[in-house]
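# Summary of structural features
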Amino acid sequence: MDDLDLLKAWQALPHVRAWWDTDEPYDAAELNDPRVARWVVSIDQRRFAFMQDYSVHGWDDHHFADLPMGARGIDQYIGDPDMIGAGHGTAFIGARMHMLFDAGTPVIATDPHPDNARAISVYRKLGFVPVGSPRETQWGLILPMVAKR
């Protein structure tokens, strides 16, 4: 809850809003949802990004519900524009992937917008591959991608 003002400020920035279109970052009920783990990412005490991972089986109609039990989905953005393009996204996403795989996660899924070339490039570097064509979901148009250990 202490970071909501920061998240709201980041989500108002054009480079975030282009792919993360919401006016309200979260409320207390959402932050207590056991299906989702959320963090503000920092380096040398400089907060610069947001990340979450979630159980893809936590919603009855989730578009990744056909993945093996224990699969996790990830979403994130770099809020601080000065930190874009320096490899930070690849680093913190990769670090979280290693943690998830080490904890026994069989597969990690992500669902960038098909036009988000920067995100798709980062995901490909980290071993994600598309697992279908772009499609519309309740969260918008996505390109389904997965990574296995």
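Heads up: these notes are all about the structure in this document. (Residues numbered from 1 in each chain as written. Predicted model: local features only at pLDDT ≥ 70, side-chain atom pairs only at ≥ 80, totals over all residues. Heavy atoms only, no water.)

Secondary structure assignment for the chain yields five helices and eight strands. Listing every helix and strand of the chain by position from the N terminus yields α-α-α-β-β-β-α-β-α-β-β-β-β. The globule rule puts the C-alpha radius of gyration for 149 residues at 15 Å, and the 15 Å found for the chain is close to it. The dimensions of the chain, computed from C-alpha atoms along their principal axes, are 35 × 35 × 30 Å. Scored against the burial criterion, the 149 residues of the chain give a buried share of 44%. (Helix = DSSP H or I, 4+ residues; strand = E, 2+ residues; numbered from the N terminus. Rg over C-alpha atoms; globule rule 2.2 N^0.38 Å. Buried < 20%, exposed > 50% of the residue type's maximum accessible area, 1.4 Å probe, protein only.)

Before going further, it helps to examine the nonpolar core. The tendency in soluble globular proteins is for nonpolar side chains to be buried side by side. Of all hydrophobic cores here, the largest spans 21 residues; its most connected members are Ile74, Phe92, Ile93 and Phe128. At five residues, the largest contribution of residues to this core is made by helix H4 (residues 88-102). Sequence-distant contacts of Ile74, that is, excluding residues within four places in its chain, are made with Met51, Gln52, Asp53, Tyr54, Ile93, Leu100, Ile108, Ala109, Thr110, Tyr123 and Phe128. (Core = buried A, V, L, I, M, F, W, Y, C linked by side-chain atoms within 4.5 Å. Contact = heavy atoms within 4.5 Å.)

This paragraph deals with the sheet that holds strand S3 (residues 72-78). Overall, mixed pairing links the six strands, which are arranged S1-S2-S3-S4-S8-S5 in an open sheet. This sheet does not close on itself; its edge strands, each paired only once, are strand S1 (36-43) and strand S5 (129-130). Where S5 and strand S8 (residues 145-148) come together, two bridges link them in antiparallel fashion. What sits directly across from Val129, in S8, is Val146. Lying over the sheet, helix H1 (residues 4-11) contacts S1, strand S2 (46-55) and S3, oriented at roughly 95° with respect to S2. (Pairing = 2+ DSSP bridges. Axes fitted to C-alpha atoms, helices over the stretch in contact; angles between N-to-C directions.)

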